[in-house]
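# Summary of structural features
These are the residues of each chain, in order.
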Number of protein chains: 2
Amino acid sequence: MTTAYVHGYTERESRRLSDQAQTLAELLHTGTAPRQGARVLEAGCGTGAQTPYLLEAEPTAHITAVDVSRDSLERARERLDGHPDEERVAFVHADLFDLPFAAGSFDHVFVCFVLEHLAAPVAALATLRHLLRPGGTITAIEGDHASALFHPRSAHAEEAIAALVRVQADAGGDALIGRRLQPLLEKAGFSDVAVEPRTVYADATRPELVQGFVRETFVPMVESARGAALRAGITTPERWRAGIADLEATAADGGTFHYTFFRAGATNPTTAAAQDRNSRT
Amino acid sequence: MTTAYVHGYTERESRRLSDQAQTLAELLHTGTAPRQGARVLEAGCGTGAQTPYLLEAEPTAHITAVDVSRDSLERARERLDGHPDEERVAFVHADLFDLPFAAGSFDHVFVCFVLEHLAAPVAALATLRHLLRPGGTITAIEGDHASALFHPRSAHAEEAIAALVRVQADAGGDALIGRRLQPLLEKAGFSDVAVEPRTVYADATRPELVQGFVRETFVPMVESARGAALRAGITTPERWRAGIADLEATAADGGTFHYTFFRAGATNPTTAAAQDRNSRT
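Residues numbered from 1 in each chain as written. Chains lettered and ligands numbered in written order. Predicted model: local features only at pLDDT ≥ 70, side-chain atom pairs only at ≥ 80, totals over all residues. Heavy atoms only, no water.

### Let's talk about the overall build of chain A
For clarity, the threshold we go by: Strands are runs of DSSP state E lasting at least 2 residues, helices are runs of H or I lasting at least 4, and numbering of each runs from the N terminus. When we talk radius of gyration, it's over C-alpha atoms, and the globule rule is simply 2.2 Å times the number of residues to the 0.38. Relative accessibility decides the category of a residue: with a 1.4 Å probe and only protein chains considered, values under 20% of the type maximum give buried, values over 50% give exposed, and everything between is partly exposed. All accessible areas in this document rest on Shrake-Rupley with a 1.4 Å probe, and a residue is counted as covered only by the protein chains that are shown. When charges are counted, Lys and Arg contribute as positive and Asp and Glu as negative, whereas His and the chain ends are disregarded. A charge is said to be at NZ when it belongs to Lys, at CZ for Arg, at CG for Asp and at CD for Glu.
When you go through chain A residue by residue, the secondary structure sums to 10 helices and 8 strands. Computed over C-alpha atoms, the radius of gyration of chain A comes to 19 Å, within 12% of the 19 Å expected from 2.2 N^0.38 for 281 residues, which places it in the range of a compact globule. Out of the 281 residues belonging to chain A, those deemed buried represent 57%. As displayed, chain A offers around 11,000 Å² of accessible surface, 50% of which is attributable to carbon and sulfur atoms. Put simply, chain A has 27 plus and 37 minus side-chain charges, and the middle of one group is 4 Å from the middle of the other.

### Brief notes about the relation of the copies chain A and chain B
The criterion, for reference: To superpose the copies, least squares is applied to the C-alpha atoms of every residue with a pLDDT of at least 70 in both. We call two residues in contact when some of their heavy atoms are within 4.5 Å.
Expressed as a screw transformation, the operator carrying chain A onto chain B has a rotation angle of 180° and an axial translation of 0.0 Å, and the superposed copies differ by an RMSD of 0.0 Å. Each copy turns onto its partner about a two-fold axis. When C-alpha distances to the rotation axis are compared across chain A, the minimum falls at S147 of chain A, with a value of 3.0 Å. Taken together, the interface assignments show that 100% of the residues at the interface of chain A recur at the interface of chain B, consistent with an identical surface on both copies.

### Looking at the pattern of salt bridges
Put simply, the rule reads: The term salt bridge refers to a side-chain nitrogen of Lys or Arg lying within 4 Å of a carboxyl oxygen of Asp or Glu.
Per the stated rule, a full pass over the model turns up 18 salt bridges over all chains. The partner of E74 of chain B in a salt bridge is R77 of chain B, and the shortest N-O contact between them spans 3.4 Å. Placement of both E74 of chain B and R77 of chain B in helix α3 (residues 70-80) is noted, with a separation of 3 residues, approximately one turn of the helix. Residue E74 of chain B is classed as partly exposed on the basis of its relative accessible area of 39%. A salt bridge links D107 of chain B to R133 of chain B; the shortest N-O distance between them is 2.7 Å. Of the two residues, D107 of chain B is situated in strand β4 (residues 106-112) and R133 of chain B in strand β5 (residues 132-143); the sequence distance between them amounts to 26 residues. Among the charged side chains, a network of salt bridges with common partners joins R39, D107 and R133 of chain A.

### Here we look at the UniProt feature "domain: Methyltransferase type" (unreviewed entry) in chain A
Using the following cut-off: UniProt positions are given in the numbering used here, feature names are shortened, and annotations may be inferred rather than shown by experiment.
As recorded in UniProt, the feature "domain: Methyltransferase type" (unreviewed entry) lies at residues 41-138 of chain A. Taken end to end, residues 41-138 of chain A comprises 30% helix and 29% strand; its first and last C-alpha atoms sit 9 Å apart.

### A word on a negative patch on the surface
Note the cut-off: Patch building starts from residues that exceed 30% relative accessible area and form no salt bridge, then joins like charges within 9 Å and nonpolar side chains (Val, Leu, Ile, Met, Phe, Trp, Tyr) within 5 Å.
Residues E78, D81, E86 and E87 of chain A make up a contiguous surface patch of negative charge. Its place among the elements puts D81 of chain A in the loop between α3 (70-80) and β3 (89-93).

### Here we look at α3 of chain B
Residues and elements named next belong to chain B. Using the following cut-off: Our arc is simply the arc of the directions from the helix axis toward the C-beta atoms. Pairs of N or O atoms within 3.5 Å make up the polar contacts considered here, provided that, within protein, one atom can donate a hydrogen while the other can accept it, and that residues adjacent in sequence are counted only when both atoms are side-chain atoms.
What α3 keeps buried is the set S72, L73, A76 and L80. One face of α3 carries all of its buried residues, which in axial projection span an arc of 100°. Residues of α3 that are exposed and point over 90 degrees away from its buried face: R70, D71 and E78. Structurally, the start of α3 carries an N-cap: the backbone nitrogen of D71 is 3.4 Å from a side-chain oxygen of S69. Following α3 by one or two positions, G82 adopts a phi angle in the positive range, close to 85°.

### Digging into the interface of chain A and chain B
Let me state the cut-off plainly: Under the scheme applied, nonpolar residues are Ala, Val, Leu, Ile, Met, Phe, Trp, Tyr, Cys and Pro; charged residues are Asp, Glu, Lys and Arg; polar residues are all the others, including Gly.
Between chain A and chain B, the residue contacts involve 31 residues of the former and 31 residues of the latter. Where chain A touches chain B, the interface holds 0 salt bridges. For the pair chain A and chain B, the interface holds 9 residue pairs in polar contact (both at pLDDT 80 or more). Among the elements that take part in the side of chain A that touches chain B, strand β7 (residues 191-203) of chain A stands out by supplying 7 residues, more than any other. Here the residues of the side of chain A that touches chain B sort into 11 nonpolar, 10 polar and 10 charged.

### Description of the packing of helix α7 (residues 207-223) of chain B against helix α9 (residues 237-249) of chain B
All names here are of chain B. Using the following cut-off: Each axis is a line fitted through C-alpha atoms, taken for helices only over the stretch in contact, and angles between the N-to-C directions span 0 to 180 degrees. Here the angle decides the label: under 35 degrees means roughly parallel, over 145 means roughly antiparallel, 65 to 115 means roughly perpendicular, and every other value means oblique. A crossing counts as left-handed when the near helix is turned anticlockwise from the far one by less than a right angle, and as right-handed when that turn is clockwise.
Following both chains from N to C, one finds α7 and α9 inclined at 165°, their axes separated by 10 Å at the closest point. For the element pair α7 / α9, the angle class is roughly antiparallel. Of the two elements, α7 crosses α9, and the hand of that crossing is right-handed. Across from V214, F218, V219, V222 and E223 in α7, the residues of α9 making contact are W240, I244, L247 and E248. Residues belonging to the contact of α7 with α9 are distributed by class as follows: 7 nonpolar, no polar and 2 charged.

Here it is in structure tokens:
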């Protein structure tokens, strides 16, 4: 049920994910109290871009970082190599829908920029919920590409983003998933669902965000869909180039860029009755 | 240069503005330290929906509330009638581009949901800047209708919002102005421009916001453009009804709604040189 990773597995993509993690670390990784000695599952760790921030946010946790791609896991291992807390992370190669863990094995699940690539996000969340102990919690973070508002406005730039959304949808994913985290978690049987928007806003008065988010995160993310968009006949090389150029123009003086991430917290209910009450799958 | 107020001047519209002010008061009116005994200009106070919150945020200020509509001013007066601080507000009927005040008359300008209706927002901001003393400040708040993300998604609902945006553009305004507050303020010669997104997010776990924002603010705001959209031939009664119904469906259980306001602060430079350096009009 896992679909192809629409952004690909190139070196540039790995760097993009790392830049993104750095710029967004404070925005995305704050707001939850660390759990003493918690057993944490990072579901879909990819190249480990978020793992160091998870180690920092959970300074006594033991993290099991899982991904379906052996290559990504290898990069994640390399990234953590020499990290003072590397022994707190165990890497496991497995599919999200066939994880080699017993029910109730974890106190917390962290899943970030993963659900957007899955054809069955509710089933994935339900699977993850069964790996949580009763009362265990989940943090789910996703973007929503329709939240990209920029100045100067550009039909070409909007078309390039729409092409990425379309390519991701064709691969079974949903690049607009952020807005529906709350109903997804409810349907997967979680309780106490609480979703918060976390908005990035960059203009000339915030040059670090212009660089770290617009130039080094968002534009390369859209760029990563170029091949698939061209192959699918959604765009032409000329229109694509115009779209990327116009996106880059929003990083110039006088330009602005807005993007919203959605960060959700939720709990695996403590009683079977509550689980039944909440589960609508 | 002032354009027609696209939402109209009905009783329902007045109630919508009041509901909106209440739900959004905390979101929009926090973040600035009150100024002792400041002379504050509320430019475009409309029916005074924001005025009580401005009185609260500036507990010692003297507020001059200006609007181009005599009817709106009358309602604003009625709204403030009996308010414990009503003597701190003076209402003045005038056009934003022809205000009867000397240069440097104010310490602070507050302008909220006004620039979106103007054909020349930079000229309006420059006019307001000249009414500020050197070192005086401005707070400008605007929405951006493209930030409306909702679940369930609906092409009809998106079309209804796009119709409102179009009607407002045809009247010379810009319902997507929020994203460009920073360059607008810079061009009008302000310094120290700082823009913050203020995001409203509502789902079943936040019933007050579903009611106060989705049902009582956003949907009625779109509804207010119905007549103009029909007259302009942008929509049909059937498509409009479907759009409004789908927007209302986002307020049902399992629905979500996201909207971003932009709140800007800026300063009138203290020296003429700085003003020249900053002014690009």
